[in-house]
Amino acid sequence: MGVIGIAGREGSGKTRACVEEIRALLRRGERALYLVPEQDTVEAELFLSRELNLDVLWNLEVLSPTRLAQRIRGEAGGSARVLLTDAGRAMALKGALLSLRGSLRYFSQGSQGAADQIGDLLAELKSGENDPTLLRVAADRMPAGSALAQKVYDLVALYEAYEDRLAGRYLDGEDALRRSAELAGACGSLADLTVFADGFDVLPRTTLRLLAALGAKCRAVYVLSLIHISEPTRRY
């Protein structure tokens, strides 16, 4: 059935429509997955339990994209590389910074604040599937010697050093999402599943890639999105 978008303004009934669809699925004995951001999983479980009047979520699961990716990799045999925790990711980034000591210009101080900023930037770049080559091309087009160009060249060096430390051994969250999208077609448990993606303010490319892969494998994938215009809920 593929991916179905449900767009509407706040309070237009998008989530209510999904709850009723989930209710109908469960009555028929079918399976459903409610996909939400990591920080919303507990609240979503409580919400569905209350709305569906269920003590136990039989045939219904609430997962984040990261948890779903981990499950897909486990079932489809893509777990050879270790998934980094936040602490492991920080250590890999620290190692990258140390390996480039003396060669960075914009991030030369290497303070904890700078390390946190770099980690956030790299995560955002990877979630948008922007690789070091694209960054280098962008930096080459900037005014030579400008602060922005120096910053981007530093990011290119750090990105490459970070990826070198992960190569062949580790995955970070963005790598795991991308890899799970590749493996979804080999995951038999997805075939009879209906997926509802809700609560995402932004859907990065890595998550969109996973949703597209789910659409090719699952019964259906519903993606809810918020619009800020006075229009009724619609499907597209």
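You'll find the structure just up there.
Residues numbered from 1 in each chain as written. Predicted model: local features only at pLDDT ≥ 70, side-chain atom pairs only at ≥ 80, totals over all residues. Heavy atoms only, no water.

(A) Summary view of the overall build of the protein chain. The helix and strand inventory of the protein chain stands at nine helices and eight strands. With the C-alpha coordinates of the protein chain rotated into their principal frame, the extents come out at 65 × 45 × 30 Å. Residue burial in the protein chain is summarised as follows: out of 236 residues, 44% are buried. Taking as baseline every contact in the protein chain between residues at least 6 positions apart, the subset at least 24 positions apart corresponds to 82%. Here the protein chain displays about 12900 Å² of accessible surface, and carbon together with sulfur accounts for 51% of that area. (Helix = DSSP H or I, 4+ residues; strand = E, 2+ residues; numbered from the N terminus. Buried < 20%, exposed > 50% of the residue type's maximum accessible area, 1.4 Å probe, protein only. Contact = heavy atoms within 4.5 Å. Areas by Shrake-Rupley, 256 points an atom, 1.4 Å probe, with all protein chains shown as cover.)

(B) Representation of helix 2 (residues 41–52). For helix 2, which comprises twelve residues, the first-to-last C-alpha distance of 16 Å matches the rise-based estimate of 16 Å (1.5 Å per residue) to within 8%. What helix 2 keeps buried is the set T41, A44, L48, S49 and L52. Buried residues of helix 2, seen end-on, are gathered within an arc of 135° and therefore sit on one face of the element. In helix 2, those exposed residues whose orientation departs by more than 90 degrees from the buried face are V42, E43, L46 and R50. Buried residues belonging to helix 2 abut helix 1 (14–27), strand 2 (31–35) and strand 3 (60–63). (Expected span 1.5 Å × (residues − 1). Arc of directions from axis to C-beta.)

(C) Broad picture of the nonpolar core. Counting residues in hydrophobic clusters, the biggest one holds 23 residues, and the most contacted among them are L35, L68, I72, L190, V195 and L214. Elements that contribute at least two residues to this core include exactly strand 2, helix 3 (65–76), helix 8 (173–183), strand 6 (193–197), helix 9 (205–217) and strand 7 (220–226). Counting residues per element, this core draws most heavily on helix 9, at four residues. If we ignore the near neighbours within four places in the chain, the residues touching L190 are I72, A184, L214, K217, C218 and R219. Residues L100, L125, Y159 and Y162 belong to the second largest nonpolar core, which totals 22 residues. (Core = buried A, V, L, I, M, F, W, Y, C linked by side-chain atoms within 4.5 Å.)

(D) Focus on the side chain of S127. For S127, the location among the structural elements is in helix 5 (residues 112–127). Judged by its relative accessible area of 13%, S127 falls in the buried class.

(E) Structural detail: the side chain of S49. Note on placement: S49 falls in helix 2. A polar contact of 2.9 Å, which involves the side chain of S49, links it to the backbone oxygen of E45. Setting aside residues no more than four positions away along its own chain, S49 makes contact with L54 and L57. (Polar contact = N/O pair within 3.5 Å; in protein donor to acceptor, adjacent residues only side chain to side chain.)

(F) How the structure looks around the packing of aromatic side chains. A complete count under the given rule lists one aromatic pair for this structure. A ring pair is formed by F196 and Y222, whose centres lie 5.1 Å apart and whose planes are at 10°; its orientation type is stacked. Placement of F196 in strand 6 and of Y222 in strand 7 is noted, with a sequence separation of 26 residues between them. Judged by its relative accessible area of 0%, F196 is buried. (Phe/Tyr/Trp six-rings, centres within 6.5 Å; stacked < 30°, edge-to-face > 60°.)

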